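# Results of the structural survey
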Amino acid sequence: MLIQHLPLLAGKRIVLASASPRRHQLIQNLGLKVEVIPSTFNETLEKSDFASAGEYAAETALHKAIEVSHSILGAGNGRRPDLVIGADTVVDLDGIILEKPKDDLDAFHMLSSLSGRQHLVYTGVSLVLPSTDDPILGKPPLVCTLWEQTKVEFACLGEATINAYILSGEPLDKAGCQLS
């Protein structure tokens, strides 16, 4: 879907509304230059308002992208971005949405509950084109939001393995403590 459009994105001001080094690297791997402006959106959407974890992740991604787009436009400094990308990843374990762990204990509980189990990982992405008119509204921005689901199965993890992983610091900035 995106590959055929890469030449059109060359030379455009692309802003990633995320501090995730993994997302930044993914975009760079496509050969695109991207500016990172992390969103300050407070992720407090009511999970029960959404029919699925995918819809929740997509809506959170949208809020992040819109917030960064508005902050850039409001600052009025520099060139307007051509594209702002927001993303969010969550884990769904038996209908419970897991986000980033609050601390080491929370990470331990998440990893223990995922151990030896299958679960779903949802990533929502929102593309905001601040200068392009929405064909329905007749004014900017044009927004496209989507989500993708991946089924993941964890091996059984012993307490020592979980604790070693937590000590590495790796799980604390990842939804459900895992790479996405």
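Above: the structure in question.
Now for a look at the structure at hand. (Residues numbered from 1 in each chain as written. Predicted model: local features only at pLDDT ≥ 70, side-chain atom pairs only at ≥ 80, totals over all residues. Heavy atoms only, no water.)

Attention shifts here to the overall build of the chain. In terms of regular secondary structure, the chain is built from 5 helices and 6 strands. Ordered by position from the N terminus, the helices and strands of the chain form the series α-β-α-β-α-β-β-α-β-β-α. Taken over the C-alpha trace, the chain has a radius of gyration of 18 Å; the compact-globule value for 180 residues is 16 Å, and the two agree within 12%. Structurally, the chain occupies a C-alpha span of about 55 × 35 × 30 Å along its principal axes. In the chain, buried positions account for 37% of the 180 residues. A fraction of 66% describes how many contacts in the chain between residues 6 or more apart in sequence connect residues 24 or more apart. Charge centroids of the chain, computed over 15 positive and 22 negative side chains, lie 8 Å from each other. (Helix = DSSP H or I, 4+ residues; strand = E, 2+ residues; numbered from the N terminus. Rg over C-alpha atoms; globule rule 2.2 N^0.38 Å. Buried < 20%, exposed > 50% of the residue type's maximum accessible area, 1.4 Å probe, protein only. Contact = heavy atoms within 4.5 Å. Lys, Arg positive; Asp, Glu negative; His and termini not counted. Charge placed at Lys NZ, Arg CZ, Asp CG, Glu CD.)

Under the criterion given, the structure shown has 0 disulfides. You can see Cys156 has no disulfide; the closest cysteine sulfur is in Cys177, sitting 17 Å from it. Take Cys156: its relative accessible area is 69%, and that puts it in the exposed class. Residue Cys177 is classed as buried on the basis of its relative accessible area of 1%. (Disulfide = S-S within 2.5 Å.)

Here we come to unusual backbone geometry. Residue Pro141 is reached from Pro140 by a cis peptide bond, and omega for that bond is 0°. In this fold, Pro141 is placed in the loop between strand S5 (118–129) and strand S6 (142–153). Positive phi outside glycine occurs at Asp94, with the angle close to 55°. Locating Asp94 in the fold gives a position in the loop between strand S3 (83–93) and strand S4 (96–98). Since its relative accessible area comes to 59%, Asp94 is described here as exposed.

This part is about the nonpolar core. Residues Val91, Leu98, Leu111, Leu114, Phe154, Ile166 and Cys177 are the most contacted members of the largest nonpolar core, which totals 13 residues. Elements with a contribution of two residues or more to this core: S3, helix H4 (104–114) and helix H5 (159–167). The leading source of residues in this core is H4, at 4 residues. Not counting residues up to four positions away in its chain, the partners in contact with Ile166 are Asp104, Ala107, Phe108, Leu111 and Pro171. (Core = buried A, V, L, I, M, F, W, Y, C linked by side-chain atoms within 4.5 Å.)

Turning next to the environment of Val84. Among the secondary structure elements, Val84 is positioned in strand S3. For Val84, a relative accessible area of 0% gives the class buried. Between the C-alpha atoms of Val84 and Leu129, which are 45 residues apart in sequence, the distance is 6.5 Å.

The subject of this paragraph is the pattern of salt bridges. Per the counting criterion, the structure on display carries 9 salt bridges. The partner of Lys64 in a salt bridge is Asp88, with the nearest N and O atoms 3.1 Å apart. One end of the pair, Lys64, is in helix H3 (residues 53–75); the other, Asp88, is in strand S3, with 24 residues separating them in the sequence. Here Lys64 and Asp88 have matching classes, each one buried. One salt bridge in this structure joins Lys102 and Asp106, with 3.9 Å as the shortest N-O distance. A single network of salt bridges, built from pairs that share partners, joins Arg22, Glu170, Asp173 and Lys174. (Salt bridge = Lys/Arg side-chain N within 4 Å of Asp/Glu carboxyl O.)

So, on to the packing of aromatic side chains. Aromatic ring pairs are reported here in terms of the distance separating the ring centres and the angle at which the planes meet. Evaluated as defined, the whole model comprises 2 aromatic pairs. With centroids separated by 5.6 Å and ring planes inclined at 75°, the aromatic side chains of Phe50 and Tyr56 adopt a geometry described as edge-to-face. The exposure class of Tyr56 is buried, given its relative accessible area of 0%. Residues Tyr122 and Trp147 carry aromatic rings whose centres are separated by 5.4 Å and whose planes lie at 65° to one another, so their mutual orientation is edge-to-face. Of this pair, Tyr122 sits in strand S5 while Trp147 is found in strand S6, placing the two residues 25 residues apart along the sequence. (Phe/Tyr/Trp six-rings, centres within 6.5 Å; stacked < 30°, edge-to-face > 60°.)

Further remarks concern H3. Compared with an ideal rise of 1.5 Å per residue, which puts 23 residues at 33 Å, H3 spans 33 Å between its outermost C-alpha atoms and is within 8% of the ideal. Along H3, the positions that sit buried rather than exposed are Ala53, Gly54, Tyr56, Ala57, Ala58, Thr60, Ala61, Lys64, Ala65, Val68, Ser69 and Ile72. Structurally, H3 contributes buried residues whose contacts are with strand S1 (14–16), S3, S4, S5 and S6. (Expected span 1.5 Å × (residues − 1).)

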